[in-house]
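Residues per chain are reported as follows:
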Amino acid sequence: MSDEATPEPAHDPQDLARLLVSRQRAGDAEGMAALYVPDAVLDIGGGQLARGRDAIRGFYTKLVAAGPKFELGDQRPAIVNGDLALTSTRLPDGTVTVEIAHRQGDGTWLWVIDQPSILT
């Protein structure tokens, strides 16, 4: 992604998962991190949390470099209450993601908390 390009924002909480997958497939760790509020929390496995956009960017940079590609799953309808939304997707391997998104002042959505892998 060039420095001049502005990444597509999420105008609906349902957009976030699609944008994350498309940016990951494009190798855009910066764009992936941009889908989170500055003080977001991402569960990175093993009982560890990436806290803040910089740590999330670092995690995604390593993930992108490692090469596996995300797949779109069966996204459930977001549950929205005011400026908060609960998003969830069942991935092709059977795991489930759960996220909390927050509507920003400009009407776009960003994730605040991301639990990307819950075994079912």
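Look a little higher up for the structure.
What you are looking at is a predicted structure, and each value in this text was computed from that prediction instead of being measured.

Visitor: Just to check I follow, could you spell out the pairing of strand β4 (residues 84-90) for this structure?
Guide: Two strands pair when backbone bridges link them, and strand β3 (residues 74-81) and β4 are joined in this way by 6 bridges, in the antiparallel orientation. For Gln-75, the partnering residue across the bridge sits in β4 and is Thr-89. Counting the residues between successive antiparallel strands, the hairpin from β3 to β4 contains 2 residues, one of them, Gly-82, with a positive phi of roughly 65°. With 7 bridges joining them, β4 and strand β5 (residues 96-103) adopt antiparallel strand pairing. Opposite Leu-84, over in β5, you have His-102 as the bridge partner. Hairpin remark: β4 followed by β5, antiparallel, with 5 residues in the connecting loop; positive phi at Gly-94, about 95°.

Visitor: Would you mind showing me how to read the pattern of salt bridges here?
Guide: A side chain with one charge may pair with a side chain of the opposite charge, provided their charged atoms come close. Taken as a whole, this structure holds 6 salt bridges when the rule is applied. For Glu-30, the salt bridge is made with Arg-57, and the minimal N-O distance between the two is 2.6 Å. Taken together, the positions of Glu-30 in helix α2 (residues 29-33) and Arg-57 in helix α3 (residues 53-66) put the pair 27 residues apart, joining distant regions of the chain. A residue is classified by how much of its surface remains accessible, and Glu-30, at 45% relative accessible area, is partly exposed. With a relative accessible area of 21%, Arg-57 lands in the partly exposed category.

Reading the values: rules and limits
Residues numbered from 1 in each chain as written. Predicted model: local features only at pLDDT ≥ 70, side-chain atom pairs only at ≥ 80, totals over all residues. Heavy atoms only, no water. Pairing = 2+ DSSP bridges. Helix = DSSP H or I, 4+ residues; strand = E, 2+ residues; numbered from the N terminus. Salt bridge = Lys/Arg side-chain N within 4 Å of Asp/Glu carboxyl O. Buried < 20%, exposed > 50% of the residue type's maximum accessible area, 1.4 Å probe, protein only.

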